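Analysis of the macromolecular model
Now for the letters of each chain:
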Amino acid sequence: EREPGEPAGTYKVFVSPDERAAPDALHIVIDVLAALGAPPFKYGCGAYSLLRPDKIVAYFRSAEEKDEAARLLLSALAGVPAHGVPFSAEVGGDGLVSWGIDPPSKVLPLEWQDRDSWRTFVCGRLARALFIARHARAATVSAVTFALDRLALEGVDVATWTPMEM
């Protein structure tokens, strides 16, 4: 259970340019984030990191800050080719800017466990549900349907890849 005033999780805004556009996009992102008061962010460097979908990630403590940053980034990055971040909520429809939120600590079975990132949370639960469905003897629905339904029962809107309630 969270303490009063503690945020439900950390909001993340993902910027996912095509790897060839990443250097120019990074300069634009830095300018936008500086205008927003320089929230924490990270970016990939090196070949491995530049091939990841989550090349640039900015962190926010509220949905309002996240929404403003996403809107400004989407506008400033108009025309930049996108890579796209799986299991994140798209802002502009092309995958260039999207968001996620780290799940709250209440979803962890053991108090001492570290929080997973949102995408790790979603992927882990999808993998477990697909494994269960694959080994079910009398399956009446497809493994994909079972996994998506199971994820929805765990509070994930599988149409937008956002939490239903936190």
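**Some details on the pairing of strand E1 (residues 11–15)**
Among the 5 residues that make up E1, 5 are buried, leaving the element largely enclosed by the rest of the structure. Burial along E1 is two-sided: the residues Tyr11, Val13 and Val15 and Lys12 and Phe14 are all buried. Pairing between E1 and strand E3 (residues 56–60): 5 bridges, direction antiparallel. Bridge pairing links lysine 12 to tyrosine 59 in E3. In this structure, E1 lies alongside strand E5 (residues 97–101), joined through 5 bridges in antiparallel fashion. Bridged to valine 13 within E5 is tryptophan 99.

**Structural notes on unusual backbone geometry**
Positive phi values are uncommon outside glycine, yet alanine 38 reaches one of about 60 degrees. Relative to the helices and strands, alanine 38 resides in the loop between helix H1 (22–35) and strand E2 (41–43). A residue is classified by how much of its surface remains accessible, and alanine 38, at 55% relative accessible area, is exposed.

**Description of the packing of aromatic side chains**
Scanning the entire structure with this criterion turns up 3 aromatic pairs. Their ring planes at 45 degrees and their centres at 6.2 Å tell us that tyrosine 11 and tryptophan 99 sit as a pair that is tilted. In this pair, tyrosine 11 sits in strand E1 while tryptophan 99 sits in strand E5, placing the two residues 88 residues apart along the sequence. In terms of burial, tyrosine 11 and tryptophan 99 fall into one category: buried.

**A short note on the pairing of E3**
Extensive coverage of E3 is indicated by the burial of 5 of its 5 residues. Of the two faces of E3, the one holding Ile56, Ala58 and Phe60 and the one holding Val57 and Tyr59 are both buried throughout. Taken together, the 3 bridges between E2 and E3 define a ladder with antiparallel strand orientation. If you follow lysine 42 over to E3, its bridge partner there is valine 57.

**Describing the packing of helix H4 (residues 118–134) against helix H5 (residues 143–153)**
Viewed as axis vectors pointing N to C, H4 and H5 meet at an angle of 135 degrees, and their least axial separation amounts to 8 Å. One finds that H4 runs oblique with respect to H5. Considering the relative orientation of H4 and H5, their crossing is right-handed. Contact residues: Val122, Arg125, Leu126, Ala129, Leu130, Ile132 and Ala133 in H4; Ala143, Val144, Phe146, Ala147, Leu148, Arg150 and Leu151 in H5. Considered class by class, the residues forming the contact of H4 with H5 number 12 nonpolar, no polar and 2 charged.

**Regarding the side chain of serine 49**
Mapping serine 49 onto the fold places it in helix H2 (residues 47–51). In this structure the side chain of serine 49 is engaged in a polar contact, spanning 3.3 Å, whose partner is the backbone oxygen of cysteine 45. Leaving out residues up to four positions away in the same chain, serine 49 has contacts with Gly44 and Lys55.

**A short note on the sheet that holds E5**
An order of E2-E3-E1-E5-E4 is seen for the 5 strands of this open sheet, with the pairing classed as antiparallel. In this open sheet, the two strands that pair with only one neighbour each are E2 and strand E4 (89–90). Relative to E5, E4 runs antiparallel, the two sharing 2 bridges. What sits directly across from glutamate 90, in E5, is serine 98. Helix H3 (residues 63–76) rests against E1, E3 and E5 of the sheet, and its axis sits at about 10 degrees to E1.

The rules we used
- Residues numbered from 1 in each chain as written.
- Predicted model: local features only at pLDDT ≥ 70, side-chain atom pairs only at ≥ 80, totals over all residues.
- Heavy atoms only, no water.
- Buried < 20%, exposed > 50% of the residue type's maximum accessible area, 1.4 Å probe, protein only.
- Helix = DSSP H or I, 4+ residues; strand = E, 2+ residues; numbered from the N terminus.
- Pairing = 2+ DSSP bridges.
- Phe/Tyr/Trp six-rings, centres within 6.5 Å; stacked < 30°, edge-to-face > 60°.
- Axes fitted to C-alpha atoms, helices over the stretch in contact; angles between N-to-C directions.
- Parallel < 35°, antiparallel > 145°, perpendicular 65-115°, else oblique.
- Left-handed = near helix turned anticlockwise from the far one by under 90°.
- Contact = heavy atoms within 4.5 Å.
- Nonpolar A, V, L, I, M, F, W, Y, C, P; charged D, E, K, R; others polar.
- Polar contact = N/O pair within 3.5 Å; in protein donor to acceptor, adjacent residues only side chain to side chain.

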